[in-house]
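Summary of structural features
As a plain string of letters, each chain reads:
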Amino acid sequence: MQLLLMLRNGVVYATQTVTVHRQKYLIPELPFCHTFYYLLHLIHLSHKTPQNPASRNTKTLPPSFDAKPNSNPISHTPFLISSNSLINAQLLTSTPHFHSLLMELSSSFIHFPNPSTSSPCNHYSFSSSFSPFPIQIHTKTLKFANPTCPYHRIFAVAVDPQGPQQELPKNSPQRLLRELAERKRGTAPKKKFPPKKFILRPPLDDKRLAERFLNSPQLSLKAFPLLSSCLPSSRLNNADKTWMDEYLLEAKQALGYPLEPSENFGDDNPAKQFDTLLYLAFQHPTSERTRARHVRSGHTRLLFLGQYVLELALAEFFLQRYPRESPGPMRERVYALIGKKHLPKWIKAASLQNLVFPFDDMDKLKRMEREPPVKSVFWALFGAIYLCFGMPEVYRVLFEVFGMDPEAEDCQPRERRQLEDVDYVSVEFEGKKLSWQEVAAYKPPEDALFAHPRLFRACVPPGMHRFRGNIWDYESRPQVMRALGYPLKLEDRIPDITKARNIELGLGLQLCFLHPSKHKFEHPRFCYERLEYLGQKIQDLVMAERLLMKHLDAPGLWLQERHRRTLMNKFCGRYLRDKHLHRFVIYAEEVQEKYEHNRKMRNPATTAVQQSLHGLSYAVYGKPDVRRLMFEVFDFEQIQPKAVA
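Given the structure is predicted, the values throughout are model-derived calculations rather than measurements.

Time to look at the overall build of the protein. Helix and strand counts for the protein stand at 25 helices and 6 strands. Within the protein, the fraction of its 645 residues that count as buried is 49%. Residue pairs at least 24 apart in sequence account for 71% of intrachain contacts in the protein once pairs closer than 6 positions are excluded. Carbon and sulfur atoms provide 53% of the accessible area of the protein, an area that totals close to 35,400 Å².

Here is the structure:
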């Protein structure tokens, strides 16, 4: 017969017709274990029930027991047989061949040889088709102690998924496939579905999108596009105003601002939006109000801007305070002041810890619970201050409100071997260290040569005039200035100012292309390192402002990743090489061939030259010229059409 096995709800079911001594019995759909016991009954009846050729109709064996997987149908279940008599299941269990029969049953299909044609007894074979179980094939002949028919053979099918499997040879393809399947089953990672907040939603239609942007405060200030882009994407609701009424006065008092609402300022004053930005600055990702989209997005955009504002402010301060120092020690000083692990100290010094953690004691929190919210608030706070009051107010809050001391013992760089600097510095830096008040209050004179004259003199040493008129100045400088669009046309009241600016610009360009291998060991400041340090910070800030104004609805984390990918070092050097300006870098004679033919040495050098050009353009012409170099000359965003070769 053909026995069909099905797997349903973890239980194997069988349905088929069995023919025993020309009697057809229809086995109903039952669990496979129960069907197996039916078969044992039929085998037993083949020895006990006489043959009756007249009864050839099909009989049905109805189950009169509860078909549960754990029930035992043999101990209490009668079966309806062809002779219309009830035979108790105990009849089978009392048979002496029953236990030996159970021991001899195979765990899967049993293949047997073709029976002899002279056998007087019918032979029964059970074949099934099922895939979810491991299969073994054995050829066994069941022998009874007192067989009724000496030629009678019994073959049965049983499934034992946990039974021992036949050992296959090591080189067997079946064994290799089985091991591979088991290894995949054990090591395959579970498929992780993205959270619902990351599932893409269909975009808004044009009408709703236009209404959303037109009603947004981000388009309300035409005179201050950067400030307008950092405002919340929707108007503040009652919950936002409740927080402002409860905590805003405390924050403004701690920071030293007047307690009057900032809305009293005129429309032409960016400080009018200070209350809104100050509220957003304190809504760090673990606070209650950060669940609102406009609050969360506004806060992350502020902290994205604030981190670059802080780095540029401290870079300018230390470049002017320590005119002879290399960038390495200055980076250590900056980290000692605004490093992540030092920020909780400044927040507590300004008595702002209760606004950051209104329900917890900051000192009792773990480091991983304390530092991220503090860093987020600290950066966003300076983003708001920079937008409303400018860079001088950033210095005041840093050194007056938070009490940062650049001369503190824990803010000093580690000791290192210093090269002797025999060159002069500008007169205003000689013999003294500038304080933060002098840096913050400095305004260039009306007839100044540069946009940031003191910063230029702090980065370009006066001794650079000795290189005026050399070969590079005659051959390379005109080509570099032509490629960069220099000199810019400015309306100067005195013609000599324009001439002097162009001379200083040429010397600054030569310094930008002066590799440290050339003169650094004899003259430590005759290289591009200090201009490179300044250029890194100003290009970060310019790119951050560009992204904020370009992507009004983007959260700060997305902007941060876009910023990082755009300003990767390998891209900065590549833009310079695309302009073929790497040919003008001045190396020492003994290393020039290595740098020109080894890209692992050449690419970092060209990146440094690129950043030095940004620092020089900021010191000479200001931030607008940095934007021109980055987005028009070098095309950092890669949006300009390329020339077809």
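With respect to the helices and strands, the residue R321 is situated in helix α9 (residues 293–321). Ignoring sequence-local partners within four residues, the contact set of R321 consists of P406, E407, K433, L434 and S435.

On to helix α20 (residues 529–550), then. The end-to-end C-alpha distance of α20, which contains 22 residues, comes to 31 Å, matching closely the 32 Å that a straight helix rising 1.5 Å per residue would cover. The buried count for α20 comes to 19 of 22 residues, which makes it a mostly enclosed element.

Another point: the nonpolar core. In this structure, F282, F378, F402, L484, L509, F513 and F634 are the most contacted members of the largest nonpolar core, which totals 142 residues. It is α9 that provides the largest number of residues to this core, a total of 15 residues. Excluding residues that lie within four positions of it along the chain, F402 makes contacts with W346, I347, A349, A350, L352, F378, L381, F382 and V397.

This brings us to unusual backbone geometry. With omega at -5°, the peptide bond leading from Y486 into P487 counts as cis. Inspection of the secondary structure assignment puts P487 in the loop between α17 (471–484) and α18 (495–512). At H580, a position not held by glycine, the phi torsion is positive, near 60°. Residue H580 is classed as partly exposed on the basis of its relative accessible area, which comes to 48%. At D635, a position not held by glycine, the phi torsion is positive, near 55°. Inspection of the secondary structure assignment puts D635 in the segment after α25 (623–633). Here D635 falls in the buried class, since its relative accessible area comes to 6%.

The final tally for this structure, using the stated rule, is 32 salt bridges. Between R289 and D240 there is a salt bridge, and its shortest N-O distance comes to 2.6 Å. One end of the pair, R289, is in the loop between α8 (274–281) and α9; the other, D240, is in helix α7 (residues 238–255), with 49 residues separating them in the sequence. With respect to burial, R289 and D240 carry one shared label: buried. A salt bridge links K520 to E529; the shortest N-O distance between them is 2.7 Å. Through salt bridges with shared partners, one network takes in R324, D421, E430 and R525.

Parameters at a glance
Residues numbered from 1 in each chain as written. Predicted model: local features only at pLDDT ≥ 70, side-chain atom pairs only at ≥ 80, totals over all residues. Heavy atoms only, no water. Helix = DSSP H or I, 4+ residues; strand = E, 2+ residues; numbered from the N terminus. Buried < 20%, exposed > 50% of the residue type's maximum accessible area, 1.4 Å probe, protein only. Contact = heavy atoms within 4.5 Å. Areas by Shrake-Rupley, 256 points an atom, 1.4 Å probe, with all protein chains shown as cover. Expected span 1.5 Å × (residues − 1). Core = buried A, V, L, I, M, F, W, Y, C linked by side-chain atoms within 4.5 Å. Salt bridge = Lys/Arg side-chain N within 4 Å of Asp/Glu carboxyl O.

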